[in-house]
Amino acid sequence: MEDTIKENLNPDGIDRRGFLKCMAWAGTGTLCVMQGGVLKSFAFSGMNERDASSIAKGDFAFAQISDSHIGFNKAANPDVTATLREAIAKLNALPRTPEFVLHTGDLTQLSKADEFDTLDQSLRAVRTNRIFYVPGEHDVLNDNGAQYRERYGKDANGDGWHSFDYKGVHFVGLVNVMNLKAGGLGSLGQEQLKWFESDVKGLKHSTPVVVFAHIPLWAVYPEWGWGTDDSEQALSCLKRFGSVTVLNGHIHQVMQKVEGNVTFHTAMSTAFPQPAPGQGPSPGPMKVPDDKLRSVLGITNVDFVRGKHTLAVVDSSLQGA
Amino acid sequence: MKSRTFGIGFGIALLAGSALAAAMSSARLAQGAGDQPAATSITIDNFSFTPKEITIAKGTTVTWVNHDDVPHTVVSADKKFKSKALDTDDTFSFTFTDAGTYGYFCSVHPIMTGKVIVR
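Being a predicted model, the structure only gives us computed values, none of them experimental. (Residues numbered from 1 in each chain as written. Chains lettered and ligands numbered in written order. Predicted model: local features only at pLDDT ≥ 70, side-chain atom pairs only at ≥ 80, totals over all residues.)

1. Regarding the overall build of chain A
Selection criterion: Helix and strand definitions follow DSSP, with helices as H or I runs of at least four residues and strands as E runs of at least two, each counted in order from the N terminus. To assign burial, the other C-beta atoms lying within 10 Å of each residue's own C-beta are counted, with C-beta atoms placed from the backbone; 20 or more indicates buried, 12 or fewer indicates exposed, and intermediate counts indicate partly exposed.
Summing up its helical and strand segments, chain A has 7 helices and 12 strands in all. For chain A, with 321 residues in total, the buried portion stands at 51%.

Structure representation (structure tokens):
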């Protein structure tokens, strides 16, 4: 990475130009290295030895996959199971095995039992210790999420929210796809917010926190419902922490933003792309030429590096991939 | 409650597609629209209900049809009607027997809202 950074404003190893270079790679699938609260992205296909050594220095690595939409069979991707399997193959071929995987929702298209079954069977091939889930709105259709909770949320609270600690990092999975209000966006709800507040209360300021949820917890594009009504309340509980990373899915494209101590990151879908904000008639599936489909699908790998890094100064405007 | 019960019965008759429905309509729900029960449709395209707002006579059956590649629902704000998730080309119908204004939305994509005004 070092030789890509021309104007380093902080001794953190990343600047705006480096960040934008990372963005340019996003369409081919990304490998991200987290350093003191900033995610650094690497393309699978363009990864060189220096990248691999940077990744190897991390304390641990985990991957994020998202929006598998098993059961979808329309023009934007008639075989979402095949592309999920390709994503898994890429994940298994990473230079470092992710110690666990986060799936940030929309496992299925229509919450059908056979769709969940196909997903589960496919994910058995992932070389990792464990997969953690949060539901997307497609996973809680018709039954208010009962089947989702039965399969993935037995140890979780409420609609499926949960937290765990891994090597000194606190992970929180939030659910923002339930009990949505007419005219509104994603919603966490008071019960979950109360739980979240108490969940992070006892943590030291220095504990890195990673929050993952399906719908973005930042206002990506409210006109398309790409945001969460009460996310500010959740984020206010995280202000005192030095390093916060928020991982989301839902919008089927990579976007990153750094705001204060928080790095926001959305992942690509393993199924089909969606248009950049406002760049289409709707946020629905986007048909791209067949030979381009695989360049807009992928997974995110996060390598956690413990160190004394200040936060990068990164342009906060939205960047589509 | 009485009119609600009747509305469900009427819906079943409609499903049967028999002349009975028309007979019931003309006998007990006639709105000056001839012998046929009034019916209209609302389409779902590009995450929007079209028309977004409609005004109908009492007894009219509204059918929503989803043309999107993603599932949507039709849920009234006051819980008077609620569809299952509608996949591509799936439909949902509801017969409005009482006058009033019925705001509704897609509970999967709540940014999608619409309104049915029954006179």
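2. A closer look at the overall build of chain B
Counting secondary structure elements, chain B contains 2 helices and 8 strands. When the helices and strands of chain B are listed from N to C terminus, the series reads α-α-β-β-β-β-β-β-β-β. Counting every position in chain B, which comprises 119 residues, the buried fraction comes to 34%.

3. Describing the interface of chain B and chain A
Test applied: Throughout, a pair of residues is in contact if the C-beta atoms placed from their backbones lie within 7 Å. For this scheme, ten residues count as nonpolar: Ala, Val, Leu, Ile, Met, Phe, Trp, Tyr, Cys and Pro. Four count as charged, namely Asp, Glu, Lys and Arg, and the remainder, Gly too, count as polar.
Facing 19 residues of chain B, the contacting portion of chain A comprises 20 residues. Residues of the side of chain B that touches chain A, tallied by class, amount to 9 nonpolar, 6 polar and 4 charged.

4. Some remarks on the sheet that holds strand β7 (residues 169-173) of chain A
Residues and elements named next belong to chain A. To be explicit about the condition: Each pair of strands is called paired provided DSSP finds at least two bridges between the two strands. To define axes, lines are fitted to C-alpha atoms, for helices over the stretch in contact only, and angles between the resulting N-to-C directions are given on a 0 to 180 degree scale.
Taken in spatial order, the 6 strands make up an open sheet running β6-β7-β8-β9-β11-β10, and their pairing is mixed. With partners counted over all chains shown, the strands left at the sheet margins are β6 (162-166) and β10 (255-259), one partner each. Recorded for the sheet is a direction-independent mean angle of 15° between the axes of neighbouring strands. Sheet topology places β6 next to β7; 5 bridges connect them, and they run antiparallel. Its bridge partner being in β7, Phe164 is matched across the sheet by Phe171.

5. Concerning the sheet that holds strand β1 (residues 39-45) of chain B
Residues and elements named next belong to chain B. Read across the sheet, 4 strands follow the order β2-β1-β4-β6 without closing on themselves; strand pairing throughout is mixed. Each having just a single partner strand, β2 (48-50) and β6 (91-96) make up the two edges of the open sheet. Across this sheet, the average inter-strand angle for adjacent strands is 20°, counted without regard to direction. With 6 bridges joining them, strand β4 (residues 60-66) and β6 adopt antiparallel strand pairing. Pairing of Thr63 across the sheet is with Ser93, part of β6.

6. Some details on the environment of Phe92 of chain B
Residue and element names in this part refer to chain B. Here Phe92 lies in strand β6. The spatial distance from the C-alpha of Phe92 to the C-alpha of Lys52 is 16 Å, given a sequence separation of 40 residues. Ignoring anything within four residues of it in the chain, the contact list for Phe92 reads Trp64, Val74, Ser83 and Leu86.

7. Looking at the environment of Ile299 of chain A
Looking at the element boundaries, Ile299 of chain A is found in the loop between β11 (262-266) and β12 (300-305). Accessibility expressed as a C-beta count within 10 Å gives 27 for Ile299 of chain A, which makes it buried.

8. Observations concerning helix α3 (residues 80-92) of chain A
Residue and element names in this part refer to chain A. The condition is simple: For a helix, the expected span equals 1.5 Å multiplied by the residue count minus one.
The end-to-end C-alpha distance of α3 is 18 Å, a good match for the 18 Å that 13 residues give at a rise of 1.5 Å each. Every buried residue of α3 is listed here: Val80, Thr81, Thr83, Leu84, Ala87, Ile88, Lys90 and Leu91. Next to the buried residues of α3 lie β3 (60-65) and α4 (113-123).

9. Details of the environment of Trp226 of chain A
Residue and element names in this part refer to chain A. On the secondary structure map, Trp226 appears in the loop between β8 (209-213) and α7 (231-236). Residues Trp226 and Lys74, 152 residues apart in the sequence, show an inter-C-alpha distance of 22 Å. Those residues in contact with Trp226 that sit more than four places away from it in its chain are Pro216, Val220, Tyr221, His250, Ile251, Pro277 and Pro283.

10. Some remarks on the pairing of β7 of chain A
All names here are of chain A. Where we set the bar: If you view a crossover with the strands going away from you and the path from the first strand over the helix to the second runs clockwise, you call it right-handed.
With 4 of 5 residues buried, β7 is to be regarded as a mostly interior element. Sheet topology places β7 next to β8; 4 bridges connect them, and they run parallel. Opposite His170, over in β8, you have Val209 as the bridge partner. Note that the unit made of β7, helix α6 (residues 190-201) and β8 has a crossover that is right-handed.

11. Here we look at the confidence of the model for chain B
How we decide: Predictor confidence is given residue by residue as pLDDT, running from a minimum of 0 to a maximum of 100.
Residues at a pLDDT of 70 or more form 70% of chain B, whose mean pLDDT is 80. With pLDDT under 50 throughout, residues 1-33 of chain B is counted as low confidence; its partners more than four residues away or in other chains account for 33 contacts.

12. Digging into α6 of chain A
An α-helical turn contains 3.6 residues, so a residue and the one three or four places further along point in the same direction. Taking 1.5 Å per residue, 12 residues should reach 16 Å; α6 of chain A reaches 16 Å between its end C-alpha atoms and fits that length. If you follow the buried residues of α6 of chain A, they end up packed against β7, β8 and α7 of chain A.

13. A short note on the confidence of the model for chain A
Residues and elements named next belong to chain A. Confidence in the prediction for chain A averages 81 pLDDT; 79% of positions are at 70 or higher. Predicted confidence in chain A is weakest over helix α1 (residues 16-25), with a mean pLDDT of 38, and strongest over α6, with 98. With pLDDT under 50 throughout, residues 1-29 is counted as low confidence; its partners more than four residues away or in other chains account for 66 contacts. Scored below 50 in pLDDT, residues 308-321 shows 45 contacts in the model against residues more than four places distant or in partner chains.

14. Some points on unusual backbone geometry
Along the chain, Thr50 of chain B connects to Pro51 of chain B via a cis peptide bond; the corresponding omega equals -5°. Position of Pro51 of chain B relative to the elements: it lies in the loop between β2 and β3 (53-56). For His252 of chain A, which is not a glycine, the phi torsion comes out positive at approximately 55°. Looking at the secondary structure, you find His252 of chain A in the loop between β9 (244-248) and β10.

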